[in-house]
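# Fold and contact review
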Amino acid sequence: QFEVVRLQNNLIKILEGAEALASVVGYQFKMKSLDLRNTNLGPEGTRLMARAVESSQLHSLIVDKNNIGQEGVEALTKLLLRNRTLRELSLSDNMLADEILEPLVGALWVNSTLRVLVANWNYFGHQCTETVIERLKFNTSLRMLSVLSCPLPLESYLCLTHVTSSKCVTLLADDPYDMLTGSTGTSWDES
């Protein structure tokens, strides 16, 4: 039995491969980390995988760059509501819109184990920001939220910065002011 399975960049034959992998994941009780980034899971493959992981002891699930779509996000939302061991979820670079991500972020209300949520390179905007702010009032487990390269409005960024710092949550986000001005936020002293 495996504790860490890394299949990143292996293009899984969409449905057949995802079904086979999901059946194996269901039997790997010692598996703690599953890295499926860039494996062509798609929405249906993500749904199959989320269902297989629901009753597992998995701590880390990475489904970056898989075009998971709304169906995949819905499956991951159910996973967050039911699974009590998942500590890290990464769904970066899936081109997910704010309204698609919002229910997943809303699951933070119930989930008490997730410590790291990585949603880089998606459209994490005002709607998700409002939900995160509301959910963090009750969530005590989240320790890091990463929304790098997401088009955060300045007001949303400032609110997130305030709330996450008051809850001791590390926020990884691009400063919209720096993006508008072209500043990198760093200055180099050449003297």
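Read on for a plain summary of the structure. (Residues numbered from 1 in each chain as written. Predicted model: local features only at pLDDT ≥ 70, side-chain atom pairs only at ≥ 80, totals over all residues. Heavy atoms only, no water.)

The number of helices and strands found in the protein chain is seven helices and seven strands. Along the protein chain, from the amino end to the carboxyl end, the secondary structure elements read β-α-β-α-β-α-β-α-β-α-β-α-β-α. Partitioning the contacts of the protein chain with sequence separation of at least 6, the portion at a separation of at least 24 is 84%. As displayed, the protein chain offers around 10000 Å² of accessible surface, 54% of which is attributable to carbon and sulfur atoms. (Helix = DSSP H or I, 4+ residues; strand = E, 2+ residues; numbered from the N terminus. Contact = heavy atoms within 4.5 Å. Areas by Shrake-Rupley, 256 points an atom, 1.4 Å probe, with all protein chains shown as cover.)

What follows concerns helix α3 (residues 69-82). In this model α3 runs 20 Å from its N-terminal to its C-terminal C-alpha over 14 residues, within 8% of the 20 Å that 1.5 Å per residue would give. Within the span of α3, buried status applies to Gly 72, Val 73, Ala 75, Leu 76, Thr 77, Leu 79 and Leu 80. Check the buried side of α3 and you find it contacts α2 (42-53), β3 (60-62), β4 (88-90) and α4 (98-106). (Expected span 1.5 Å × (residues − 1). Buried < 20%, exposed > 50% of the residue type's maximum accessible area, 1.4 Å probe, protein only.)

One finds Leu 61, Leu 76, Leu 89, Leu 91, Phe 124, Leu 145 and Val 147 to be the most contacted residues of the largest nonpolar core, which totals 44 residues. Here this core takes five residues from α3, the largest share from any one element. Every residue in contact with Leu 61, bar those within four places of it in the chain, is listed here: Leu 34, Leu 36, Leu 76, Leu 79, Leu 86, Glu 88, Leu 89 and Ser 90. (Core = buried A, V, L, I, M, F, W, Y, C linked by side-chain atoms within 4.5 Å.)

Helix α5 (residues 126-135) packs onto α4 with a crossing angle of 10 degrees between their chain directions and a minimal axis gap of 8 Å. On the basis of the axis angle, α4 is roughly parallel to α5. When α4 is examined against α5, the residues Asp 98, Glu 99, Leu 101, Glu 102, Val 105 and Gly 106 are found in contact with a partner set consisting of His 126, Gln 127, Cys 128, Thr 131, Val 132 and Arg 135. When its residues are assigned to classes, the contact of α4 with α5 shows four nonpolar, four polar and four charged. (Axes fitted to C-alpha atoms, helices over the stretch in contact; angles between N-to-C directions. Parallel < 35°, antiparallel > 145°, perpendicular 65-115°, else oblique. Nonpolar A, V, L, I, M, F, W, Y, C, P; charged D, E, K, R; others polar.)

Mapped onto the elements of the fold, Ser 56 is located in the loop between α2 and β3. There is a polar contact of 2.8 Å between the side chain of Ser 56 and the backbone oxygen of Val 53. A polar contact is formed between the side chain of Ser 56 and the backbone nitrogen of Leu 58, at a distance of 3.2 Å. Excluding residues within four positions of it along the chain, Ser 56 makes contact with Asn 83 and Thr 85. (Polar contact = N/O pair within 3.5 Å; in protein donor to acceptor, adjacent residues only side chain to side chain.)

Evaluation of the coordinates by the stated rule reveals one aromatic pair. Measuring from centroid to centroid gives 4.4 Å for Trp 109 and Phe 138, while their planes differ by 40 degrees, and the two rings are tilted. Of this pair, Trp 109 sits in the loop between α4 and β5 (116-118) while Phe 138 sits in the loop between α5 and β6 (144-146), placing them 29 residues apart in sequence. (Phe/Tyr/Trp six-rings, centres within 6.5 Å; stacked < 30°, edge-to-face > 60°.)

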